[in-house]
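Each chain is listed here by its residues.
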Amino acid sequence: MSDDGSENSNEIEEEDVTDLSNSDVCTKYQEASKIINLTLTGLVSQSVAGAKIIDLCQFGTTVIETQVGKLYNKKVAGVAVEKGVAFPVCISVNEVICNHSPLPTEENAELKVGDIVKIDLGCHVDGYIAVAAHTLVVAETAESVPVDVPDDLGNVAVAAYNAMLIAADAIRAGATNTDVTKVVERVASNYGVNTIATVRMHQMKRFVMDGVKEVALKEPTPEDIDEGEEPVPECTFEQAEVYAIDVAMTTGDGKVRPADLRTTVFKRNVEANYRLKMKASRYVLTEVDRKYPTLPFTLRHFDDERQAKMGITECVNHGLLMPYPSLIEKNDAKVAHFKCTVLLLPSGTNKV
């Protein structure tokens, strides 16, 4: 016992290890990835002619929430383990590239044979995130094969998928983000397609989807910089890090713009504060701070959708929430989007 009578006065409380050097953390990433892959498989099988986009989004959300509900139900130090959706299920069709997650009261669009569908989603277990995205062509049924797929669509889809796999292999301890950018650019050039410059790969940490380290899909040209695109600072990958390998390619010029669709996906800007005036706005911010303090969410997850739609504008206007607008290419462009999660383990890079 110490002189002041406290047995623990000389003990140093160890900080929690939240990277892959902790085997429990590695397990949580892998469990989240299993759920994402299961959900994605279900969404692919249901993305057939006549399926409603809103139903697919709700189905994916239900699968994620049901599966995480089976894990880590024992409280830790009296606190429940957080788990659930890390990025809302988005179903983006044809020239729409990403972030389309409609509200049930506003859209009943159905998929048609030949539609190009991009599925994007994320799951977390105790804040450890796994993400995925996939592109498919809608067929009549889950058992049938898409017919009359245009050559340029097949080309861009193969290019994006291969670029994802090659990038996943290239992200290893000691390599740099410029190394990965170069291999992605080479794939795009070989297939005669363009990368979508606004899409970037990100390091992920606990409760953080877009960490400081990034990977661009292409080096910006002087014209791109003049138009406001910022170069990505060079960085080196290290063991025990986690990355979202995010690749989107197009037969168009890669210059995207916000779509004429309601933005429903947002994320809290934790560095911003403002005293909101509208009651609906205060309702939104209170719900976000309680349920979604760090990860993206959709307005569809609010109990009171009407209040959420009323209050979101003031929150965005004052920088409290950051919008994820649906992005669109020109109408005749074919777009493919693929995403996976990689863990930089001592044994090498592991795609999960």
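Residues numbered from 1 in each chain as written. Predicted model: local features only at pLDDT ≥ 70, side-chain atom pairs only at ≥ 80, totals over all residues. Heavy atoms only, no water.

1. A few points about the overall build of the protein chain
In step 1: A count of helical and extended segments in the protein chain gives seven helices and 15 strands.
In step 2: By residue count, 51% of the 352 residues in the protein chain fall in the buried class.
In step 3: Residue pairs at least 24 apart in sequence account for 78% of intrachain contacts in the protein chain once pairs closer than 6 positions are excluded.
In step 4: Accessible surface, the protein chain: about 17200 Å² in total, of which carbon and sulfur atoms supply 49%.
In step 5: Put simply, the protein chain has 35 plus and 53 minus side-chain charges, and the middle of one group is 5 Å from the middle of the other. (Helix = DSSP H or I, 4+ residues; strand = E, 2+ residues; numbered from the N terminus. Buried < 20%, exposed > 50% of the residue type's maximum accessible area, 1.4 Å probe, protein only. Contact = heavy atoms within 4.5 Å. Areas by Shrake-Rupley, 256 points an atom, 1.4 Å probe, with all protein chains shown as cover. Lys, Arg positive; Asp, Glu negative; His and termini not counted. Charge placed at Lys NZ, Arg CZ, Asp CG, Glu CD.)

2. Considerations on the nonpolar core
In step 1: Counting residues in each nonpolar core, the largest one holds 40 residues, and the members touching the most others are Val-180, Val-184, Met-201, Ile-245 and Met-249.
In step 2: Contributions of two or more residues to this core are made by β2 (96–98), α3 (151–170), α4 (177–191), β8 (242–250) and β14 (335–345).
In step 3: The element that contributes the greatest number of residues to this core is α3, accounting for 10 residues.
In step 4: In terms of nonpolar packing, the next biggest core, distinct from the first, is built from 26 residues, Ile-36, Val-68, Ile-91 and Val-138 among them. (Core = buried A, V, L, I, M, F, W, Y, C linked by side-chain atoms within 4.5 Å.)

3. So, empty space enclosed by the protein
In step 1: For the structure on display, the rule yields one cavity of 30 Å³ or more.
In step 2: Counted as a void, the largest cavity has a volume near 50 Å³.
In step 3: Forming the walls of the largest cavity are Asn-177, Thr-178, Thr-181, Glu-214, Val-215, Ala-216, Lys-218, Glu-219, Pro-220 and Val-232.
In step 4: Those elements giving two or more residues to the lining of the largest cavity turn out to be α4 and β7 (214–216).
In step 5: Along the lines of polarity and charge, the residues of the lining of the largest cavity split into four nonpolar, three polar and three charged. (1 Å grid on protein atoms, 1.4 Å probe; cavity = no way out; pocket = protein on both sides within 12 Å on 5 of 7 lines; lining within 4 Å. Points joined across faces, edges and corners; volume = space filled by probe spheres on them. Nonpolar A, V, L, I, M, F, W, Y, C, P; charged D, E, K, R; others polar.)

4. Thoughts on helix α6 (residues 279–291)
In step 1: Over its 13 residues, α6 extends 18 Å from the first C-alpha to the last, a length consistent with the 18 Å expected when each residue adds 1.5 Å.
In step 2: All of the buried residues along α6 are Ala-280, Ser-281, Tyr-283, Val-284, Leu-285, Glu-287 and Val-288.
In step 3: Contacts made by the buried residues of α6 are with β10 (265–268), β11 (297–298), α7 (305–317) and β12 (321–323). (Expected span 1.5 Å × (residues − 1).)

5. A few points about the sheet that holds strand β9 (residues 257–258)
In step 1: What the three strands build is an open sheet, ordered β2-β13-β9; its pairing is antiparallel. A strand with exactly one partner marks an edge of an open sheet, and here the two such strands are β2 and β9.
In step 2: Of the pairings in the sheet, the one linking β2 to strand β13 (residues 327–328) comprises two bridges and is antiparallel in character. Paired with Cys-98 across the two strands is Leu-327, which belongs to β13. (Pairing = 2+ DSSP bridges.)

6. Looking at the pairing of strand β15 (residues 348–351)
In step 1: By the bridge criterion, four bridges tie β14 to β15 in an arrangement that is antiparallel. Residue pairing in the sheet places Leu-343 in a bridge with Asn-350 of β15.
In step 2: Between β14 and β15, which follow one another and run antiparallel, lie two residues.

7. Considerations on the sheet that holds β11
In step 1: Spatial strand order, β11-β10-β12: three strands in an open sheet with antiparallel pairing. The sheet is open, and its two borders are formed by β11 and β12, each paired with just one other strand.
In step 2: Pairing of β10 with β11, which is carried by two bridges, proceeds in the antiparallel orientation. Across the sheet, the residue bridging to Phe-266 is Phe-297, located in β11.

8. Some remarks on unusual backbone geometry
Trans is the common state for peptide bonds, and a negative phi is the common state for residues other than glycine.
In step 1: One non-glycine residue, Ala-77, lies in positive phi territory at about 55 degrees.
In step 2: Position of Ala-77 relative to the elements: it lies in the loop between α2 (53–68) and β1 (83–93).
In step 3: The phi dihedral of Asn-94 is positive, around 60 degrees, even though this residue is not glycine.
In step 4: Summarising the element assignment, Asn-94 is placed in the loop between β1 and β2.

9. Comments concerning the layout of surface pockets
In step 1: In this model, the largest pocket occupies a volume close to 990 Å³.
In step 2: Asn-99, Thr-198, His-202, Asp-210 and Tyr-324 are, among the 35 residues lining the largest pocket, the residues nearest its centre.
In step 3: The residue makeup of the lining of the largest pocket, split by class, is 18 nonpolar, six polar and 11 charged.
In step 4: As a volume, the second largest pocket reaches approximately 490 Å³.
In step 5: Surrounding the second largest pocket, 19 residues form its lining, Asp-16, Lys-28, Val-76, Asp-126 and Arg-206 being those nearest its centre.
In step 6: Ranked by the residues each element gives to the lining of the second largest pocket, the list is headed by helix α1 (residues 23–46), at three residues.

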